[in-house]
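# Results of the structural survey
So you can see what is in the structure, the chains are spelled out below.
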Amino acid sequence: LVQSRVVHLPYRQWKLEPALKVSETDDFDVDDDEEGCIHYTLSLRSFDVKIQVCDAVCQLLEPNLPDLYLKEMAPGELLYALFDRGINVMPSDADAVTAQGYDEGVSP
């Protein structure tokens, strides 16, 4: 099965927001969880990709891909794992030009 590299482009929006660390357990200890993280949300055409960044470790929060959900990974490792599953969040300049809805010189 082949999917276009630009199927999710152009992105609708992105945001960075401070957050407390999401973990697999529901236990919340103020002393342990006091160190915050950043949640990076990238809104694609039909769904969101949400990544938790704590120190130099990234974890996928959305979409809920069972083999990647909350798995601690280096940033590049996570981005390539998403790419291997058909979610391209690393477009090249050439990808942007061929994306549906792209107008040269106009911000999406």
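Now for a look at the structure at hand. (Residues numbered from 1 in each chain as written. Predicted model: local features only at pLDDT ≥ 70, side-chain atom pairs only at ≥ 80, totals over all residues. Heavy atoms only, no water.)

## Examining the state of the cysteines
- For the coordinates displayed, the defined rule picks out one disulfide.
- Cysteine C58 is unpaired, with the sulfur of C54 as its nearest cysteine sulfur at 8.8 Å. (Disulfide = S-S within 2.5 Å.)

## Let's talk about the packing of aromatic side chains
- The tally for this structure, following the rule as stated, stands at one aromatic pair.
- Ring geometry for W14 versus Y40: centroids 6.4 Å apart, planes at 45°, classification tilted. With W14 in strand β1 (residues 13–20) and Y40 in strand β2 (residues 36–43), this residue pair connects regions lying 26 residues apart in the sequence.
- Using a relative accessible area of 28% as the deciding quantity, one classes Y40 as partly exposed. (Phe/Tyr/Trp six-rings, centres within 6.5 Å; stacked < 30°, edge-to-face > 60°. Helix = DSSP H or I, 4+ residues; strand = E, 2+ residues; numbered from the N terminus. Buried < 20%, exposed > 50% of the residue type's maximum accessible area, 1.4 Å probe, protein only.)

## A word on the pattern of salt bridges
- Here the structure, examined in full by the defined rule, presents four salt bridges.
- For E17, the salt bridge goes to K50, with nearest N and O atoms at 4.0 Å. With E17 in strand β1 and K50 in strand β3 (residues 48–54), this pair connects stretches of sequence that are 33 residues apart.
- Judged by its relative accessible area of 26%, E17 is partly exposed.
- Residue K21 is joined to E72 by a salt bridge in which the shortest nitrogen-to-oxygen separation is 3.9 Å. (Salt bridge = Lys/Arg side-chain N within 4 Å of Asp/Glu carboxyl O.)

## Things to note about the sheet that holds strand β4 (residues 57–62)
- The strand order across the open sheet built from four strands is β1-β2-β3-β4, with neighbouring strands paired in antiparallel fashion. Looking at strand neighbours, the two that pair on one side only are β1 and β4, the edges of this open sheet. Taken pair by pair, the neighbouring strands of this sheet meet at an average axis angle of 25°, ignoring direction.
- Examined bridge by bridge, β3 and β4 share five bridges and lie antiparallel to one another. Pairing of K50 across the sheet is with E62, part of β4.
- Those strands touched by helix α2 (residues 75–84) are β3 and β4, and its axis lies near 35° from that of β4. (Pairing = 2+ DSSP bridges. Axes fitted to C-alpha atoms, helices over the stretch in contact; angles between N-to-C directions. Contact = heavy atoms within 4.5 Å.)

## Concerning the nonpolar core
- Formed by 14 residues in total, the largest nonpolar core has its most connected members in V49, L60, L68, L78, L82, I87 and V89.
- Mapped onto this core, the elements with two or more residues apiece are β3, β4 and α2.
- With three residues, α2 is the largest single contributor of residues to this core.
- Excluding its chain neighbours within four sequence positions, the residues that come into contact with L82 are V49, L60, L65, L68, I87 and V89. (Core = buried A, V, L, I, M, F, W, Y, C linked by side-chain atoms within 4.5 Å.)

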